[in-house]
Amino acid sequence: MQKIKYRMSGEDLRPRRTRLEIPGWAGEPERRTDGSHEYAWHCVPFTEAAKYGVEVFYPYDNELHVSTRGGKLAMAGDFGPPPSPGRSWPPFRNFGESFYTYQILLDLKPEPGHAIKVETHPSFYTDTTGTAPIAVPALIREWWPMLYFIVFKAPPEGQTHIFRPGAPMAQFIMVPAECDVELVAMSEDEAAERELQSRRIYASRETLGADSQWLSTTDTVFDGTYRRMHGAARKLSEG
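These figures come from a predicted structure and were not determined experimentally.

Asks: Even after reading the chapter, I still don't get the packing of helix H2 (residues 188–208) against helix H3 (residues 225–237), so can you show me in this structure?
Replies: Packed helices, taken two at a time, are described by their axes: the angle between them and the distance between them. Here H2 crosses H3 at 95 degrees, and the two axes come no closer than 10 Å. As summarised for this structure, H2 and H3 are arranged roughly perpendicular, according to the angle between their axes. Along its contact with H2, which presents Ile 201, Arg 205 and Leu 208, the element H3 presents Thr 225, Arg 228 and Met 229. Residue composition of the contact of H2 with H3, grouped by class: 3 nonpolar, 1 polar and 2 charged.

So this is what it looks like as structure tokens:
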């Protein structure tokens, strides 16, 4: 098992492996059955991606509202006095005209050969209010020992991003330090094999997902084909 070591300064909420909040940002605990509403956690590729990293939370007792009015960024929130002498306060501040930052006071050390990638928290993709903060992607190298600050994208004119007490606000993922990837077109044989596999799955879908098919409240058809193949592939890989 790979490890990410962390160092903190202050009383900010500790990082943890990202969890699906049900009920919460990932949806409600509705079964996969006719008449249920579809939620993000019903989708295996999304849940796997969402749980892939480490999440951090907004640790203050009062909400912070970040708005853009007349092209200017405005922040409204009561943080009280600085918790310690010399600490930069308040912890949020403008970063140019289109961004703002948060001093998180967290240092993450990935395994050798890896880096930490900052990402928008997956709860952003399930938010229907337009108030979820948008963390800007960044790649932090293993040799960087400084405490982090996170850059967020400013909301559009007239909109407001809200940081709520105890709510997740960003995610970190450990990735290879170098993207040593070459994009290569498949050979004709490889492409034909993939196409044949695709057609076989399509032709067998009614059988593979027959007893797991359901119709959501928005008349969207779901079935467990991917979920069952995923489970079978994991068992095969685990021996």
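Additional details are given in the paragraphs that follow.
Asks: Is there a simple way to think about unusual backbone geometry in this case?
Replies: Excluding glycine, residues mostly carry a negative phi; peptide bonds, for their part, are mostly trans. Ile 22 connects to Pro 23 through a cis peptide bond whose omega is 0 degrees. For Leu 105, which is not glycine, the phi dihedral falls at a positive 55 degrees. Structurally, Leu 105 is set in the loop between strand E7 (99–103) and strand E8 (106–109).

Asks: In this structure, what is going on with H2? I would like to understand it.
Replies: An α-helical turn contains 3.6 residues, so any two residues separated by three or four positions project in the same direction. In this model, H2 (21 residues) spans 28 Å end to end at C-alpha, consistent with the 30 Å of a helix rising 1.5 Å per residue. Along H2, the largest kink reaches about 35 degrees and is centred on Tyr 202.

Rules and cut-offs
Counting from 1, residues in each chain are numbered in the order their sequence is written. With the structure being a predicted model, the display of local features is reserved for residues of pLDDT at least 70 and the display and counting of side-chain atom pairs for 80 or more, all residues being used for whole-chain, interface and lining totals. Calculated side-chain values reflect all of the structure's heavy atoms, with hydrogen atoms and water omitted. What counts as an axis is a line fitted to C-alpha atoms, over the stretch in contact for a helix, and the angles between N-to-C directions run from 0 to 180 degrees. Per the convention used, a helix needs a DSSP run of H or I reaching at least four residues, while a strand needs a run of E reaching at least two, with both numbered from the N terminus. Every angle not falling under 35 degrees, over 145, or within 65 to 115 is termed oblique; those three ranges are roughly parallel, roughly antiparallel and roughly perpendicular. Residue contacts follow a heavy-atom distance rule, with two residues in contact if any of their heavy atoms lie within 4.5 Å. Charged residues are taken to be Asp, Glu, Lys and Arg, nonpolar residues to be Ala, Val, Leu, Ile, Met, Phe, Trp, Tyr, Cys and Pro, and polar residues to be all remaining types, Gly included. A helix is expected to span 1.5 Å for every residue after the first. The angle between axes fitted to the seven-residue stretch ending at a residue and the seven-residue stretch beginning at it gives the bend at that residue.

Limitation: the analysis is restricted to geometry and does not speak to function.
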